[in-house]
Amino acid sequence: MNKVETIIRALDLSPHPEGGYFKETYRSVGEIKESSLCGDYKGSRNYSTCIYFLLTSDNFSAFHRIKQDEIWHFYDGSPIRLHVITPEGYYSNHIIGRNIMECEIPQFVVTGGCWFAAEVVDMNAHSLVGCTVSPGFSFEDFELKPRKELVSLFPQLEEVIARLTHE
Ligand code: GUN
């Protein structure tokens, strides 16, 4: 078994629809009722959830968005490049990693409502990170847009969108 297979087995990871592998490691018992949630959530949400997320260099996490802020934590492997597009179309990218001397950052917060995608920086490598959200994650708050639709929203970003979306 290679290293990636070993991690997938040891951490019991499953394929994620955005690309990569994940396992939910925490879902709070407590819930927030819809009437107390700001933003347009349908139904209640747990206070918070957390996942392991594993990405390999032969794949990418495609542009998607969720309603909540998402906190990324670096754990192991290659640094990961996170691409972010705000709802107004402002683009930025950020290297999540441990080499602080090289301006990598161990934690990064993606603001809710932004489109974001990720790729492993090194070749023939993988990245293991954690992603925490509050209110807790629900696939009802998760949106993956096809390439054509995202490019029509942000035509000035066609190159990066085409590279980090599936058809
Ligand atoms: N649980 C399942 N998928 C996800 C995801 O993409 N992000 C977070 N934070 N939790 C999830």
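Heads up: these notes are all about the structure in this document. Fair warning: this is a prediction, and the values are worked out from it, not measured in the lab. (Residues numbered from 1 in each chain as written. Predicted model: local features only at pLDDT ≥ 70, side-chain atom pairs only at ≥ 80, totals over all residues. Heavy atoms only, no water.)

1. Here we look at the overall build of the protein
The number of helices and strands found in the protein is three helices and 13 strands. Here the C-alpha atoms of the protein give a radius of gyration of 16 Å, agreeing with the 15 Å that 2.2 N^0.38 yields for 167 residues. Referenced to the eigenvectors of the C-alpha coordinate spread, the extents of the protein come out at roughly 45 × 40 × 35 Å. Out of the 167 residues belonging to the protein, those deemed buried represent 49%. Within the protein, residue pairs in contact and separated by at least 24 positions form 72% of the contacts whose partners lie at least 6 positions apart. Looking at the protein as shown, the accessible area adds up to about 9100 Å², and 52% of this sits on carbon and sulfur atoms. Computing the positive centroid from 15 side-chain charges and the negative centroid from 23, the protein places the two 3 Å apart. (Helix = DSSP H or I, 4+ residues; strand = E, 2+ residues; numbered from the N terminus. Rg over C-alpha atoms; globule rule 2.2 N^0.38 Å. Buried < 20%, exposed > 50% of the residue type's maximum accessible area, 1.4 Å probe, protein only. Contact = heavy atoms within 4.5 Å. Areas by Shrake-Rupley, 256 points an atom, 1.4 Å probe, with all protein chains shown as cover. Lys, Arg positive; Asp, Glu negative; His and termini not counted. Charge placed at Lys NZ, Arg CZ, Asp CG, Glu CD.)

2. Brief notes about the sheet that holds strand 10 (residues 107-110)
Within a sheet, adjacent strands bond to each other through the backbone by hydrogen bonds, running parallel or antiparallel. Here six strands make up an open sheet; going across it, the order is 1-2-5-12-7-10 and the pairing antiparallel. With partners counted over all chains shown, the strands left at the sheet margins are strand 1 (14-15) and strand 10, one partner each. Bridge count for strand 7 (residues 70-77) against strand 10 is four bridges, and the pairing is antiparallel. Bridged to His73 within strand 10 is Gln107. Together, strand 2 (21-27), strand 5 (49-56), strand 7 and strand 12 (126-133) form the strand contacts of helix 1 (residues 3-10), whose direction differs from that of strand 5 by roughly 165°. (Pairing = 2+ DSSP bridges. Axes fitted to C-alpha atoms, helices over the stretch in contact; angles between N-to-C directions.)

3. Things to note about the sheet that holds strand 11 (residues 115-120)
In spatial order, the strands read 9-8-11-6-13; together these five strands make up an open sheet with antiparallel pairing. For this open sheet the edge positions go to strand 9 (91-96) and strand 13 (142-144), each flanked by a neighbour on one side alone. For this sheet the average axis-to-axis angle between neighbouring strands, irrespective of direction, equals 30°. Looking at chain direction, strand 6 (residues 61-66) and strand 11 are connected through two bridges and run antiparallel. When the sheet's bridge partners are listed, His64 is paired in strand 11 with Phe116.

4. Some thoughts on the site of the ligand
All residues adjacent to the ligand are His16, Glu18, Phe22, Ile51, Glu70, Cys131, Val133, Phe137 and Phe139. Separating an oxygen atom of the ligand from a side-chain N or O atom of Glu18 is a distance of 3.4 Å. Between the ligand and the protein, one listed contact pairs a nitrogen atom with a side-chain N or O atom of Glu70 at 2.8 Å. When isolated, the ligand has an accessible area of 280 Å², and the protein chains bury 98% of it. Judged by its atoms lying within 2 Å of the grid points, the ligand is housed in the largest pocket. Residue composition of the shell around the ligand, by class: six nonpolar, one polar and two charged. (Near = heavy atom within 4 Å. Polar contact = N/O pair within 3.5 Å; in protein donor to acceptor, adjacent residues only side chain to side chain. 1 Å grid on protein atoms, 1.4 Å probe; cavity = no way out; pocket = protein on both sides within 12 Å on 5 of 7 lines; lining within 4 Å. Sits in = over half its atoms within 2 Å of the grid points. Nonpolar A, V, L, I, M, F, W, Y, C, P; charged D, E, K, R; others polar.)

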